[in-house]
There are 2 protein chains.
Amino acid sequence: MKVELICIGTELLTGKTNANISYIGDKLSTIGLDLCLAATVGDKTENIKKAFQQAIERSNIIISTGGLGPTFDDLTREAVSKVLNKPLVLNREVLSTIAQHFVKRNIEMPKNNERQAYIIEGARFILNEAGTAPGQIIEFTKNKKKTVIILLPGPPREVQPMFEKIVFPYLKKYETGFKRSVVLHICGLPESKVDEKILPIVEAERKLEAENVTFSILAHQMIIDIKVDVSGKDEMLVDEILGNIKHELYDVLKENIYGEDRKTLEIVVGELLTKNRKTFSVAESCTGGIIAHRLTNIPGSSLYFKQGLVVYSNESKVKVLGINEETLQQYGAVSAQTALEMAESMRNIANTDYAISVTGIAGPSGGTQDKPVGLVYIGLCGPNIKEAYKFHLYGARVEVRQRAANQALDLLRRQLLRDARIVKK
Amino acid sequence: MKVELICIGTELLTGKTNANISYIGDKLSTIGLDLCLAATVGDKTENIKKAFQQAIERSNIIISTGGLGPTFDDLTREAVSKVLNKPLVLNREVLSTIAQHFVKRNIEMPKNNERQAYIIEGARFILNEAGTAPGQIIEFTKNKKKTVIILLPGPPREVQPMFEKIVFPYLKKYETGFKRSVVLHICGLPESKVDEKILPIVEAERKLEAENVTFSILAHQMIIDIKVDVSGKDEMLVDEILGNIKHELYDVLKENIYGEDRKTLEIVVGELLTKNRKTFSVAESCTGGIIAHRLTNIPGSSLYFKQGLVVYSNESKVKVLGINEETLQQYGAVSAQTALEMAESMRNIANTDYAISVTGIAGPSGGTQDKPVGLVYIGLCGPNIKEAYKFHLYGARVEVRQRAANQALDLLRRQLLRDARIVKK
């Protein structure tokens, strides 16, 4: 069963990021349908027609997004009509729902929206709750091959509900098997080390010539993601294989894995703090509020996150955080000593169980021979810890800052795990 | 001149959004090269080979991203080598720069990174300053058609500098026309108002039937972007038309436009603070560090940004910021009175010219009949201002927070403009 996606819209080729490919590809994979190609084409009838013609030759399921709007540059309906040699017919039911859309908003329906009520002859239409462009499902047989074309609008907020409610249940009849995936997130190990550790597991699967298992690794801002996909005909077997591989990966990577799938470092840290009934505060210099920002993105973070200080100037480090001027003079703002004092002082001021501090040189300027851009100290204070850690982080300013924040959150996470064990003993 | 893009990576078909298509398409369009197709394929040698084979048949310039990493699922080099029937040869110069990359980081180079030093025979390589995978430019003639294949790595932070420095100047020899674009950013006006104000300008262009001018509007987190594209054969004429349209847009929107293109609200606020030689501090409750985070993303922000407080708990509002317990009891943490006290107190503690405070209900829980989710108060104190502003913001938690941060930064921006005029008088 070959599945192909055609994304239509000049804007997708000239500046707008397209979220439909990854969304639809991900959804399809869960029922064993692998997107083998996603073509992005502009609003030109010739290019759209060619994309559909080629797709019909090689694929069974063709999904398109975009080009169903009311304006002159929305050409998908006409292009597909020509390729299939089937006329477009006005559908009264669709027309009336489009009209209602405008009535609700107390706006007169523009004449050109009528174009959206034209449906390929014999097609089933999909109503659009978030917009005016209906989708279409067109089934046909070509060269004895059963084929389906599914036309969807472009905006993800319209595509996603239509896909969930109609397209996905519809496609379940093509279900060729099952696919389960997991993404394991790792912080605190370099990519090469992760690669080395998991290689025997990857090689073992390869020797089995298990084509239904794929591994992929992606590194970003000191975080490494390992994605494992397992597919097959037998749902229970698929689950079992994935379970076994996950088990093996946890065996070699242990606590270096901080979470799975949509779990972020801040979610995991928040969960550990909640579970251990501990509170947290943070004093940020070079990360300038990133850690506070990320932690407070999580609903309910007020339970454990008490206070953040962004002490960007030396003056504020002394005045607000009470750092010794001598420490600053003797060791500098970017030093293990200052980081440690910052964390200790933050913990006292906010009266929290844990406190973290970050001080470093994010760049692009401010670096010296001794203290280059990317040098970052992280201080961590808690019931069983009082430590400063040194890092050399790479990348541009924004990256150094995000990497430092990831390292800080990961240090806290590892300490929370250690402390939970101490309590248990 | 046909240009085609091939994006390689299973992750792009199963969950990861791809920023390379829009970036590369946009860049190409500025020199009149239109991307006619962008194909996204997974990490399977057969699919990658097929994509290159088809592209070579129909296009003159083929750019690919991804699949150049050191791991087992990086297959682009090998696939292209097979398609072109040209061997991969070890390049000592590339190998030494990859080795240096690890020396700098004080890490031993993993054996598998050596794979990245293999170059298609006769190719020109492009060094990668942000990673280890070099790019490659391969020129060849097939069926009397001159063709070029340009291989780039996948991560946008590696692609973009390589494209800017090497690929774009290289492609200029294929230049077929000119395109100039501008994006104007607006905050503090609803989309319908912006639409109303610019409609006469859009209609006038439409009446001229100027097919080479397009307008598009995009709204996100209380910010409205107007994009204007002008294309043509005559570079000076293109510049002149764009200049005139921009002039007309500024005439109707005035100071509602806070910046152009890559200018963010925080960059503009930073520039105004620097220009006016003023300092700033921020006390954040519901935005939890976003404003501090965004301002300190800007290099050199330590000049004007002195301190941030994330006072997430009522306790910290009283203890650290010195908010009257009576105010909190009488009006609540989310009130104009508290917002105003927070801003005043922040300004005094940090001893800055301006201070902003944000307090509100970001949700998903915590809302009441009187104070629903999305209710946000922003306090602003400065030499000529002492005011609290009330907003009803919509969206999920993360959106309410970003919208509040945008509103706060825009309030400060407008005040900085007013104050600069007062000084001038």
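Quick caveat: nothing in here was measured; it's all calculated off a predicted structure.

### Examining the packing of helix H7 (residues 191-207) of chain B against helix H8 (residues 235-253) of chain B
Residue and element names in this part refer to chain B.
Piece 1. Where H7 meets H8, the axes come as close as 8 Å, and the angle between the chain directions of the two elements is 155°. Relative to H8, the element H7 lies roughly antiparallel. For the pair H7 and H8, the crossing hand works out as right-handed. Contacts between H7 and H8 involve Lys197, Ile198, Ile201 and Glu205 from the former and Ile245, Glu248, Leu249, Val252 and Leu253 from the latter.
Piece 2. Looking at side-chain class alone, the contact of H7 with H8 contains six nonpolar, no polar and three charged residues.

### A short note on the domain arrangement of chain A
All names here are of chain A.
Piece 1. The domains assigned to chain A are domain 1 (3-174), domain 2 (178-260) and domain 3 (265-424).
Piece 2. Placing a centre on the C-alpha atoms of domain 2 and another on those of domain 3 gives a separation of 31 Å.
Piece 3. Each partner contributes to the interface: domain 2 provides ten residues, whereas domain 3 provides 13 residues.
Piece 4. On the domain 2 side of the contact with domain 3, Gln221, Glu255 and Tyr258 bury the most area, a combined 57% of that side's loss.

### Considering the interface of chain A and chain B
Piece 1. On the side of chain B, 67 residues touch chain A, which itself brings 67 residues to the contact.
Piece 2. When the two sides are added together, the surface that chain A and chain B hide from each other amounts to roughly 5400 Å², 53% of it contributed by carbon and sulfur.
Piece 3. The largest share of the area that chain A buries against chain B comes from Leu13, His293 and Tyr312 of chain A, three residues that together contribute 10% of it.
Piece 4. A salt bridge links Arg157 of chain B to Glu399 of chain A; its shortest N-O distance comes to 3.3 Å.
Piece 5. Along the contact surface separating chain A from chain B lie 28 residue pairs in polar contact (both at pLDDT 80 or more).
Piece 6. A per-element tally of the side of chain A that touches chain B places strand S2 (residues 35-41) of chain A first, with seven residues.
Piece 7. For the side of chain A that touches chain B, the class distribution of residues is 27 nonpolar, 24 polar and 16 charged.
Piece 8. Where strand S14 (residues 305-311) of chain A and strand S14 (residues 305-311) of chain B come together, five bridges link them in antiparallel fashion. Counted as the bridge partner of Gly308 of chain A is Val310 of chain B from S14 of chain B.

### Let's talk about the packing of aromatic side chains
All names here are of chain A.
Piece 1. Following the criterion strictly, the structure yields ten aromatic pairs over all chains and no others.
Piece 2. Where Tyr23 meets Phe163, the ring centres are 5.8 Å apart and the plane angle is 75°; that geometry is what we call edge-to-face. Residue Tyr23 is found in helix H2 (residues 20-29), and its partner Phe163 is found in helix H6 (residues 156-171); the two are separated by 140 residues along the sequence.
Piece 3. Judged by centre distance (6.2 Å) and plane angle (45°), the rings of Phe280 and Phe305 are tilted. In this pair, Phe280 sits in strand S13 (residues 280-284) while Phe305 sits in strand S14, placing the two residues 25 residues apart along the sequence. Residues Phe280 and Phe305 agree in their burial class; the two are buried.
Piece 4. Aromatic ring contacts, followed pair by pair, group Tyr23, Phe163 and Phe168 into a single cluster.
Piece 5. Residue placement shows Lys27 over the ring face of Phe168; its charged tip is 5.3 Å from the ring centre.

### Notes on the sheet that holds strand S10 (residues 213-220) of chain A
Sheet strands pair via backbone hydrogen bonds, and the direction of the pair is either parallel or antiparallel.
Residue and element names in this part refer to chain A.
Piece 1. Strands sit in the order S10-S11-S9-S12 across an open sheet of four strands; the sheet is antiparallel. The two strands at the open ends of the sheet, each matched to only one other strand, are S10 and strand S12 (257-260). Sheet twist, expressed as the average angle between the axes of neighbouring strands with direction ignored, equals 20°.
Piece 2. Across ten bridges, the pairing between strand S9 (residues 178-187) and strand S11 (residues 223-232) is antiparallel. Across the sheet, the residue bridging to Val182 is Val228, located in S11.

### Here we look at H7 of chain B
All names here are of chain B.
Piece 1. Here H7 contains 17 residues, and its C-alpha end-to-end distance of 23 Å stays within 8% of the 24 Å for a straight helix at 1.5 Å per residue.
Piece 2. Remark: the principal bend of H7, roughly 45°, maps to Ile198, with a proline, Pro200, within the next four residues.
Piece 3. Among the structural elements, strand S9 (178-187), strand S10 (213-220), strand S11 (223-232) and H8 are those in contact with the buried residues of H7.

### Regarding the environment of Val320 of chain B
Piece 1. Secondary-structure assignment places Val320 of chain B in the loop between helix H11 (314-319) and helix H12 (325-331).
Piece 2. Taking relative accessible area as the criterion, Val320 of chain B reaches 18% and is therefore assigned buried.
Piece 3. Sequence spacing of Val320 of chain B and Asp74 of chain B is 246 residues, and the spatial spacing of their C-alpha atoms is 52 Å.
Piece 4. The contact partners of Val320 of chain B, leaving out residues within four places of it in the chain, are Gln307 of chain A together with Leu309 and Ile349 of chain B.

### Describing unusual backbone geometry
Piece 1. Residue Pro364 of chain A is bonded to the preceding Gly363 of chain A through a cis peptide linkage, with omega at 0°.
Piece 2. With respect to the helices and strands, the residue Pro364 of chain A is situated in the loop between strand S15 (354-360) and strand S16 (375-382).
Piece 3. Here the phi dihedral of Lys254 of chain B falls at roughly 50°; this positive angle occurs in a residue that is not glycine.
Piece 4. Relative to the helices and strands, Lys254 of chain B resides in the loop between H8 and strand S12 (257-260).
Piece 5. You will see that Asp261 of chain B, though not glycine, has its phi angle at about 50°, which is positive.

About the cut-offs
Residues numbered from 1 in each chain as written. Chains lettered and ligands numbered in written order. Predicted model: local features only at pLDDT ≥ 70, side-chain atom pairs only at ≥ 80, totals over all residues. Heavy atoms only, no water. Axes fitted to C-alpha atoms, helices over the stretch in contact; angles between N-to-C directions. Helix = DSSP H or I, 4+ residues; strand = E, 2+ residues; numbered from the N terminus. Parallel < 35°, antiparallel > 145°, perpendicular 65-115°, else oblique. Left-handed = near helix turned anticlockwise from the far one by under 90°. Contact = heavy atoms within 4.5 Å. Nonpolar A, V, L, I, M, F, W, Y, C, P; charged D, E, K, R; others polar. Domains from an automatic or database assignment. Buried area = accessible area lost by both parts, 1.4 Å probe. Salt bridge = Lys/Arg side-chain N within 4 Å of Asp/Glu carboxyl O. Polar contact = N/O pair within 3.5 Å; in protein donor to acceptor, adjacent residues only side chain to side chain. Pairing = 2+ DSSP bridges. Phe/Tyr/Trp six-rings, centres within 6.5 Å; stacked < 30°, edge-to-face > 60°. Buried < 20%, exposed > 50% of the residue type's maximum accessible area, 1.4 Å probe, protein only. Lys NZ or Arg CZ within 6 Å of the ring centre and 35° of its normal. Expected span 1.5 Å × (residues − 1). Bend = angle between axes of the 7 residues up to and from the residue.

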